[in-house]
Structure formats: C-alpha cells, structure tokens
Amino acid sequence: MAISDHVDLPQFMDGLKRRNPGETEFHQAVYEVAANVFDFIADKEIYHSQQILRRIAEPDRVISFRVCWEDDQGNIRVNRGYRVQNNNSIGPYKGGLRFHPSVNQSILKFLAFEQTFKNSLTGLPMGGAKGGADFNPKGKSDGEVMRFCQAFMTELYRHVGEDMDVPAGDIGVGAREIGYLFGQWKRLTNKFTGVLTGKGRAFGGSPIRTEATGYGTVYMLQDMLLQAGHDIEGKTALVSGSGNVATYAIEKLNQSGAKVVTASDSTGFIYDPDGIDDERLAYLMDLKTNRRGKIEEYAREFGVEFHAGQRPWIVAADLALPSATQNEISQDDARTLIKNGVVAVSEGANMPTVQEGVQDFTEARVLFAPSKAANAGGVAISGLEMSQNSTRMTWTEDELQTQLRSIMANIHAQCLEYGSAPDGYVDYVKGANVAGFVKVADAMIAYGVV
Ligand code: NDP
Ligand code: 2IT
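Residues numbered from 1 in each chain as written. Chains lettered and ligands numbered in written order. Predicted model: local features only at pLDDT ≥ 70, side-chain atom pairs only at ≥ 80, totals over all residues. Heavy atoms only, no water.

1. Quick word on the site of ligand 2
Neighbouring ligand 2 are 13 residues; Lys94, Lys118, Lys130, Asp170 and Ser382 lie closest to it. Gly169 places a polar main-chain atom, nitrogen or oxygen, 3.1 Å from a nitrogen atom of ligand 2. One nitrogen or oxygen atom from the side chain of Ser382 is found 2.6 Å from an oxygen atom belonging to ligand 2. Calculation on ligand 2 without its partners gives an accessible area of 300 Å², and the protein chains cover 94% of this total. Elements supplying a minimum of two residues to the shell around ligand 2: β3 (93–99), α5 (105–122) and α15 (376–391). Examining the composition of the shell around ligand 2, we find that 3 residues originate from one element, β3, more than from any other. (Near = heavy atom within 4 Å. Polar contact = N/O pair within 3.5 Å; in protein donor to acceptor, adjacent residues only side chain to side chain. Areas by Shrake-Rupley, 256 points an atom, 1.4 Å probe, with all protein chains shown as cover. Helix = DSSP H or I, 4+ residues; strand = E, 2+ residues; numbered from the N terminus.)

Written as structure tokens, this is what we have:
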C-alpha cells in the first residue's frame with residue numbers, strides 16, 4: 001500500500017474518538033502525540049503499514065474493579081478501581097496510582113498513554129501503565145485509608161508483579177498509601193519483591209525517589225534555559241500545587257537561585273512576593289504532607305495574600321512550573337503568562353496545559369518542556385528502585401543524584417535531536433513525542449503482529 005493510501009491525522013482522530021466516546025483527556029493526549037508523529041512518519045512506510053500509532057493508542061488492557069471497604073462509622077463504601085496497562089514493548093508496565101474523586105477511565109487512559117512515551121525517554125526498560133480509584137482521601141482517617149488500600153490491593157495483586165506491572169504513587173498516593181498497599185501485597189502473595197516503587201527506605205525504597213520528580217522538572221528547566229543562553233539564577237518562578245512534585249520543585253528552584261512566589265492547592269493559591277524560602281517551604285511541606293491542611297494556613301502564618309479559587313498564572317514571572325493536575329493552564333492563562341513575559345515553562349504535572357495553550361507557547365517561542373520529558377525524573381528513579389530491588393542492593397544517594405541529573409540531561413538531548421527547528425528554536429513537544437515514539441515503535445516492529 002502506498003503511503004498516500006493511509007489515513008491522515010483528522011481521519012485517525014475521528015476513528016479514535018468514535019472508538020473512545022466521551023474520553024476527552026485521552027483524545028487530547030493522543031492528539032498531541034499524533035500531530036508530531038504523523039509528520040515524522042510521513043515518509044516511513046513501515047510505521048504506517050504496521051499501524052504502530054493505532055496500536056499504541058489502544059491500551060493492551062483496561063482492568064476495572066469494585067473496591068468495597070468499611071468506614072469508621074461502619075458504613076459500607078464502594079469505589080471503582082482501575083489499572084490501565086497501555087504498552088509493555090520495552091519493559092514491564094510501569095506507572096503511578098491516583099486516588100482522587102475525579103478519576104475515571106479517560107483520565108487513566110491518557111496518563112497510561114503518556115507514561116509509555118515518558119518511560120521510553122528515560123532510557124530504562126519500562127512500559128506504560130496507570131491506575132487508581134475515584135476514592136477521595138481527604139478527611140479520611142488513617143484507618144479508613146488503610147482499609148481502602150487493602151481492599152484495592154486485594155483485587156489489584158493478581159494483575160501486578162515485579163516483572164509484569166509495577167505501580168507507584170501519583171495524586172493522593174504517597175508514602176502512607178504505598179506502605180499500606182505493599183503490606184497487603186506481601187500478605188497476599190507471601191513474597192517480598194519490588195512490586196511497587198516509592199516504598200519507605202526501611203523496606204526497599206530508593207534514596208531520592210521522593211525528591212526525583214520535582215528536582216528533575218527543574219533540571220529540565222535549567223538545561224532548556226542554558227541551551228537558549230539564559231540563566232535560572234535570579235529568575236522569578238510560579239509553581240502550582242503543594243504536593244510531592246511542587247514542593248521538591250520549589251526546593252530545587254531555591255537551590256538554583258530562583259525565587260518562587262506562588263504555590264497552590266485545590267482551594268486557591270498563595271502569593272509570597274519575598275519568595276517561599278527554605279524555612280517557609282518546610283512549613284508548607286509539613287502543612288500539606290503531614291497535617292493535610294489547606295494552603296490558606298500558609299497565608300495566615302506568614303501574612304501573605306491568599307487567592308481563593310484561583311490559579312497562580314495571573315502573577316507576572318519569568319518561569320512557570322505547573323505541578324498540580326491536568327489542564328490547569330487554560331488558553332487564557334497561557335496568553336496571560338506570555339503577555340507578562342514568561343521565558344520558560346516546565347510541566348511537573350501530567351498534561352497541565354490545554355492543547356491551545358501549548359500552541360500559543362510554541363508560537364510565542366516560549367521554552368516549553370512538556371510533561372512527558374519534564375517530569376520523567378520520578379519514574380526514572382522508580383526504574384532504578386526496581387533495579388536495586390532485583391539485585392537486593394541499595395545505591396548511595398550520591399550515585400542516584402548523579403544518575404537523575406544525567407538521565408534528565410539525556411532527555412533534553414533527545415528533545416534537541418528530534419525537535420530542533422531551522423531558526424534555532426527547540427520544539428520540545430515534538431522532540432519528546434518523536435524520541436519517545438521511535439523506541440517503542442521499533443520494539444513493536446521487531447515483535448511482529450502481537
Ligand atoms: P500530590 O497528591 O502530592 O499533590 C497534588 C497537588 O495538586 C496538591 O496540592 C493538590 O491540592 C493539587 N491538586 C490535585 N488535584 C487538583 C485539582 N483538580 N485542582 C487543583 N489542585 C489540585 O500529587 P503529586 O505532587 O504526586 O502529583 C502532582 C502532579 O504531578 C500530577 O499531575 C501527577 O500526575 C504528576 N506527577 C507525579 C509524579 C510523582 O512522582 N508523584 C511523577 C510525575 C508526574 P489538594 O491538596 O487541595 O488536593
Ligand atoms: O506520572 C508519573 O510518572 C508518576 N506518577 C510516577 C510513576 C512511577 O512509576 O514512578
């Protein structure tokens with residue numbers, strides 16, 4: 001069949017939407033990749049004839065199950081759990097678990113699809129998956145969270161394994177939840193293996209896994225700025241979120257000499273014009289991670305502004321690191337950031353910018369690192385946690401810091417290889433999509449039709 005006989009991008013997207021009705025986040029994630037990949041494969045018959053993109057955009061399997069547990073009042077509660085195993089061409093399925101009331105099949109399919117390309121960019125042998133539940137951990141006691149995690153793993157355990165599928169944390173799943181999940185896995189299987197990453201250091205967790213995503217997002221920012229002749233030192237940064245990714249991004253930004261003036265949660269954002277220094281960051285981490293409070297308390301504690309129900313993008317700054325959730329930068333937000341002179345955006349969260357916003361950043365020649373490149377540091381250290389568990393060894397913190405820095409530099413280099421435009425601008429979106437695609441596609445071709 002000649003290339004001209006194959007479907008074009010609009011036909012491909014029409015088919016995807018027809019087969020996955022209403023799954024808007026999934027459509028968005030696939031479109032972003034397909035737009036670049038269609039250009040790249042225009043003259044490469046093998047990728048067309050083997051239907052590679054069509055195959056990657058059809059998850060290997062979507063598992064959905066009932067999770068039944070008892071709350072502190074003795075009421076029976078029912079949630080829906082999922083695991084989307086998108087693609088295991090280059091390694092065991094790998095990706096986080098999200099516990100949030102908004103979780104649905106569309107969101108997990110988008111995340112599992114993205115994860116496939118992100119994991120490929122790390123250079124480590126990991127396929128893509130994502131899972132979670134529409135469980136809301138807010139306001140639940142530790143006992144309720146424990147019983148939920150145990151009920152969730154009681155079904156999930158039959159679908160995961162250290163060489164099959166290795167989950168980790170994401171929104172609403174941190175050290176506490178991973179501990180409960182691993183404890184239940186161990187009880188059900190009578191095995192002690194690296195079936196989850198992000199574990200506590202006392203039971204097989206890796207040094208710097210907690211810091212890795214936020215740090216990596218800043219390393220990507222540093223490399224982009226350096227490539228374009230800018231310096232991070234002295235720049236003002238907006239961060240959204242105040243969870244795992246956001247707080248360690250703030251820590252690394254502080255270490256790099258930038259000033260972070262915002263942080264947020266689902267209730268609004270704080271604006272601290274003097275900067276969230278290390279002391280205030282320690283307060284924020286304790287508030288959000290240990291006390292599970294609302295960010296307004298930070299504003300009260302330090303006498304700064306709290307903007308209820310708003311996101312930080314209205315504040316003028318040089319750098320933006322969206323690190324809360326998907327689609328948190330609307331097209332209007334992107335335009336406001338551009339108008340206020342933003343130089344670079346590094347996405348800590350997964351797909352935090354709407355498609356039209358990404359286009360506006362690109363047209364305005366803003367340096368823009370998409371999530372699959374920028375936040376890959378977390379899953380990269382997860383991959384190294386798997387290696388350490390397999391060999392029953394623990395590497396030193398210094399070794400892992402060096403590895404994380406070099407993995408992020410390598411991702412930056414891959415983006416340059418596939419995303420450099422003739423005018424010198426680097427299209428990191430294109431670079432990441434194509435570099436992530438090639439490895440997975442070539443493995444799939446090697447396997448034949450499976
Ligand atoms: P956490 O649960 O630790 O923190 C999430 C933060 O985002 C909280 O401040 C939360 O506010 C806020 N948030 C969550 N949902 C919404 C929403 N719908 N609207 C507004 N604010 C919201 O999660 P992580 O830091 O782990 O994850 C943040 C992002 O980073 C996600 O997109 C995740 O997929 C991505 N990511 C995470 C990795 C990791 O290693 N953890 C790796 C790569 C990407 P509140 O406290 O009020 O709920
Ligand atoms: O989106 C992500 O990369 C994560 N939530 C981390 C996945 C992992 O397996 O560490």
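2. Some thoughts on the sheet that holds strand β8 (residues 268–271)
Spatial ordering of the open sheet is given by β9-β8-β7-β6-β10-β11-β12, a layout of 7 strands whose pairing is mixed. The strands lining the two open edges of the sheet, one partner per strand, are β9 (305–308) and β12 (367–369). Neighbour-to-neighbour, the strand axes of this sheet turn through a mean angle of 15°, independent of strand direction. Sheet topology note: the β8/β9 ladder contains 4 bridges and is antiparallel. Note that in β9 the partner of Ile270 across the bridge is Phe306. (Pairing = 2+ DSSP bridges. Axes fitted to C-alpha atoms, helices over the stretch in contact; angles between N-to-C directions.)

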